[in-house]
Amino acid sequence: MIQFVCKKQKKKLTCKEAAKMVVPYIEGRLGNKELRRFVNHIEECKDCREELETYYIVYKGLMQLDEKEELPMNIIEALNEDFAVSKQHLKNMSLFYVLSEVTKWLVNISCSLFLIEKIMELILGV
Ligand SMILES: [Zn+2]
């Protein structure tokens, strides 16, 4: 049972799953949850990182043909920049998450304090 819960909570992306996310990633179509798992996998897995680089080059090459977009001078550098932006985005998102949790927590505390005050009033008849 515990094993089942852990597996569900901390399910890591397999290379096969990561491969399916490469194109949506380049097109910026991954949701935050998927993006986080994808970025984590790419950072840990050299094979998928190379796969992403290959796709990125092909994708940007096709964009250039389609829209006559300038190909970046150093395409790997451009990918690294994109990747850094994704990581920053995730960082901002977790900061936002922490802040909203803290806010909820503070609201809870002030509600509890209010209740305690009310109870004290009832008990002590203040
Ligand atoms: Zn992999």
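For the structure given in this document, a descriptive report is provided here. Along each chain, residue indices are assigned from 1 in the same order as the chain's sequence is written. Local features are withheld for residues below a pLDDT of 70 in this predicted model, meaning they are given only at 70 or higher, and side-chain atom pairs are given and counted only at 80 or more; totals for whole chains, interfaces and linings count all residues.

Right, let's talk about the nonpolar core for a bit. Structurally, a nonpolar core is described as a collection of buried Ala, Val, Leu, Ile, Met, Phe, Trp, Tyr and Cys residues joined by way of C-beta atoms within 7 Å. For every residue, the other C-beta atoms within 10 Å of its own C-beta are counted; 20 or more classify it as buried, 12 or fewer as exposed, and values in between as partly exposed. C-beta atoms are placed from the backbone. Counting residues in hydrophobic clusters, the biggest one holds 12 residues: Leu13, Ala18, Met21, Val22, Tyr25, Leu35, Phe38, Ile42, Cys48, Leu52, Tyr56 and Leu79. Secondary structure elements follow DSSP: runs of H or I of four or more residues count as helices, runs of E of two or more count as strands, with numbering from the N terminus. Counting residues per element, the ones that place at least two in this core are α2 (15-26), α3 (32-44) and α4 (46-67). For every residue pair, C-beta atoms are placed from the backbone, and the pair is scored as a contact if these atoms sit within 7 Å. The residues contacting Val22, other than those within four sequence positions of it, are Glu51, Leu52 and Tyr55.

So, on to the environment of Val39. The topology assignment puts Val39 in helix α3. In this structure, the C-alpha to C-alpha distance between Val39 and Leu13, residues 26 residues apart in sequence, is 10.0 Å. Dropping the residues within four chain positions of it, Val39 is found in contact with Ser86, Lys87 and Leu90.

Contact geometry of α2 with α3 gives a least axis separation of 10 Å together with a crossing angle of 115°. One element, α2, and the other, α3, form an angle in the roughly perpendicular class. In terms of crossing hand, the pair formed by α2 and α3 is left-handed. Contacts between α2 and α3 involve Ala18, Met21 and Tyr25 from the first element and Glu34, Phe38, His41 and Ile42 from the second. Three residue categories are used. Nonpolar comprises Ala, Val, Leu, Ile, Met, Phe, Trp, Tyr, Cys and Pro, charged comprises Asp, Glu, Lys and Arg, and polar comprises the others, including Gly. Each residue belonging to the contact of α2 with α3 can be placed in one class, and the counts come to five nonpolar, one polar and one charged. Helix axes use the C-alpha atoms of the stretch in contact, all axes being lines fitted to C-alpha atoms, and the angles between their N-to-C directions lie in the range 0 to 180 degrees. Oblique is the label for any angle not under 35 degrees, not over 145, and not in the 65 to 115 range, which are roughly parallel, roughly antiparallel and roughly perpendicular in turn. Two helices that cross are described as forming a left-handed crossing if the nearer one is turned anticlockwise from the farther one by less than a right angle, and a right-handed crossing if clockwise.

Read these as spatial facts, not as claims about activity.
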